[in-house]
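Structure at a glance
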Amino acid sequence: MSTTHDLLARLEAEHALSHRDWVGLIENRTPDDESHAAERARAVVRGVFGDAVYLRGIVEFTNVCKNDCLYCGLRRSNAGLRRYRLSDDVLLDCCRRGYELGFRTFVLQGGEDLRFDDERLVPVVAFLRERFPDCAITLSLGERSHESYQALFDAGANRYLLRHETASPAHYARLHPGDMSFEHRIRCLWDLKGIGYQVGAGMMVGSPFQTADDLAADMLFLHELQPQMVGMGPFVPHHATPFAGERAGTLADTLFLLSCVRLMLPGVLLPATTALGTIAPDGRERGILAGANVVMPSLTPQERRGDYLLYDNKICVSDDSAACIGCMRRRMESIGRRLVVGRGDAPGFGAGAGARERAAAACRRLEGGE
Ligand code: SF4
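Residues numbered from 1 in each chain as written. Predicted model: local features only at pLDDT ≥ 70, side-chain atom pairs only at ≥ 80, totals over all residues.

**What about the nonpolar core?**
Counting 103 residues, the largest nonpolar core has Val59, Phe106, Leu189, Val230, Cys260 and Val261 as the members making the most contacts within it. Here the element with the most residues in this core is helix α10 (residues 251–264); it accounts for eight residues. Apart from residues lying up to four places away in sequence, Cys260 is in contact with Leu11, Ala37 and Met219. (Core = buried A, V, L, I, M, F, W, Y, C linked by C-beta atoms within 7 Å. Buried ≥ 20, exposed ≤ 12 C-beta atoms within 10 Å, placed from the backbone. Helix = DSSP H or I, 4+ residues; strand = E, 2+ residues; numbered from the N terminus. Contact = placed C-beta atoms within 7 Å.)

**Some details on the sheet that holds strand β10 (residues 294–295)**
Paired through backbone hydrogen bonds, the strands of a sheet run either parallel or antiparallel to each other. The sheet built from three strands is open, its strands ordered β10-β1-β11 with parallel pairing. Looking at which strands have only one partner, the edges of the open sheet turn out to be β10 and β11 (338–340). As paired elements, strand β1 (residues 52–55) and β11 share three bridges and run parallel to each other. Paired with Tyr54 across the bridge in β11 is Val340. Sheet strands in contact with helix α14 (residues 321–334) are β1, β10 and β11, and its direction is about 135° off that of β11. (Pairing = 2+ DSSP bridges. Axes fitted to C-alpha atoms, helices over the stretch in contact; angles between N-to-C directions.)

**Regarding the packing of helix α6 (residues 146–155) against helix α8 (residues 182–195)**
Viewed as axis vectors pointing N to C, α6 and α8 meet at an angle of 35°, and their least axial separation amounts to 10 Å. Here the hand of the crossing between α6 and α8 comes out right-handed. For the pair formed by α6 and α8, the contact residues are His146, Tyr149, Gln150 and Phe153 on the first element and Asp191, Leu192 and Ile195 on the second. When the residues that make up the contact of α6 with α8 are grouped by side-chain class, the tally is four nonpolar, two polar and one charged. (Left-handed = near helix turned anticlockwise from the far one by under 90°. Nonpolar A, V, L, I, M, F, W, Y, C, P; charged D, E, K, R; others polar.)

**Structural notes on the site of the ligand**
As a structural note, the neighbourhood of the ligand is formed by Cys65, Asn67, Cys69, Cys72, Leu74, Arg75, Gly111, Glu112 and Gly142. The residue makeup of the shell around the ligand, split by class, is four nonpolar, three polar and two charged. (Near = placed C-beta within 6 Å.)

**A short note on the environment of Arg187**
Take Arg187: it is sitting in helix α8. For the pair formed by Arg187 and Arg286, sequence separation is 99 residues and the distance between their alpha carbons is 33 Å.

**Considering α8**
With 14 residues, α8 should cover 20 Å at 1.5 Å per step; its first-to-last C-alpha distance of 20 Å lies within 8% of that length. Of all the residues in α8, the buried ones are Arg185, Ile186, Cys188, Leu189, Trp190, Asp191, Leu192, Lys193 and Gly194. Downstream of α8 by one or two residues, Gly196 has phi in the positive range, about 115°. (Expected span 1.5 Å × (residues − 1).)

**A short note on the environment of Leu161**
Here Leu161 shows up in strand β5 (residues 159–161). By C-beta crowding, Leu161 is classed as buried, having 26 other C-beta atoms within 10 Å. Along the primary structure Leu161 and Pro301 are separated by 140 residues, whereas in three dimensions their C-alpha atoms are 21 Å apart. Among all residues touching Leu161, those that are not within four sequence positions of it are Thr138, Ser140, Gly200, Met229 and Gly231.

**Here we look at the environment of Gly291**
Note that Gly291 resides in the loop between α12 (283–289) and β10. By the C-beta count within 10 Å, which is 29 here, Gly291 ends up buried. The spacing of Gly291 and Val236 is 55 residues in sequence and 21 Å in space, taken between C-alpha atoms. Setting aside residues up to four positions removed in sequence, Gly291 forms contacts with Ala38, Ala41, Arg42, Val44, Val45, Leu258, Ser259, Arg262 and Leu270.

**Here's the deal with unusual backbone geometry**
A positive phi angle is found at Glu165, which is not glycine, with a value near 75°. Structurally, Glu165 is set in the loop between β5 and α7 (169–175). Residue class for Glu165 comes out buried when judged on the 22 C-beta atoms lying within 10 Å of it. Positive phi outside glycine occurs at Gln226, with the angle close to 50°. Looking at the secondary structure, you find Gln226 in the loop between α9 (212–225) and β8 (229–230). When the 17 C-beta atoms within 10 Å are taken as the criterion, Gln226 is described as partly exposed.

**Some thoughts on the sheet that holds strand β6 (residues 198–201)**
Spatial strand order, β2-β3-β4-β5-β6-β8: six strands in an open sheet with parallel pairing. Two strands bound the open sheet, and with one partner strand each, they are β2 (57–62) and β8. Judged from the five bridges that link them, β2 and strand β3 (residues 105–110) form a sheet pairing that is parallel. Looking across to β3, one finds that Gly57 is bridged to Phe106.

**Quick notes on the packing of helix α1 (residues 4–14) against helix α3 (residues 31–49)**
Where α1 contacts α3, the two axes come as close as 10 Å, and the packing angle between them is 15°. When the axes of α1 and α3 are compared, the pair comes out roughly parallel. Between α1 and α3 lies a crossing of right-handed hand. In this structure, α1 contributes Thr4, His5, Leu8 and Glu12 to the contact, and α3 contributes Asp33, His36, Ala37, Arg40 and Val44. (Parallel < 35°, antiparallel > 145°, perpendicular 65-115°, else oblique.)

Here it is in structure tokens:
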């Protein structure tokens, strides 16, 4: 039987493991293996990106959501939440301020808010594309139709973040209400890929009912999808959800899986998430030292940040954007890294025929065509 060191060496060399090997690696690794994985992930990320850490500015423009995900503080059943929608002017002001501060990627993030249909959103994206031609526009708006994704892409969006949350249908069903569909979530990711977006998927680590089998399925799915970004942070409970009493995901598990993702997908853009900074004061620095290479401070107006809480005790809700970027720069410099101004696209990204063909094949599979 392979030792965990062997498995990590194989992962680094071949960028893939079998389901059984993933389960073995996740279940049997020791603190020594975790340190070793982080060391190898650091070497890999340095080889691809040097000491650069990329900056993305998130504008959380609506906290209204039609869905009721069991883990999320924005779920529609949370009647205690003060709901908001930023006006177009405020949203554009956030981006303008972000640009002055050095951000060259704007992440427009929100719940699945029916008010933001294509008629409302497409002109906003088109305006941002024209106003900030040197910036990447990333959308994180949940599940939409293929036509909608295409219209937003045509208007100038470059990237789309849609966490798959779990690649196990049975686990998905325990995290989401019956009116949400695992198949549709996965279909959306392949649609995005087929259209030509730089795509981000990902999952919570330590979410309720999650097993090593589920995490192995997540890793295999990420390998198949070959996303340009992976958003992965610890599960943190929110008091107004059915999972209020559940335990948070651990720092050790999250860091280890970040290292594994880096070894599997060497050129991936991998954020050290705010959730990681929430469960440990130096969580984001440790995430970078485990192989991450992106940080995502908020550009949301200060007076709204406290209303965009997917989980409890979120950090940085009372800081302004300038303070956030200064703090982040110091944190990265303290570990020998450098925040860079630039779009920070995935290396060698092109919508290329390979990606489109893989996406088309996956869509055919989902439709039962092969
Ligand atoms: S996770 Fe996303 S889709 Fe689900 S309730 Fe929260 S904001 Fe809505």
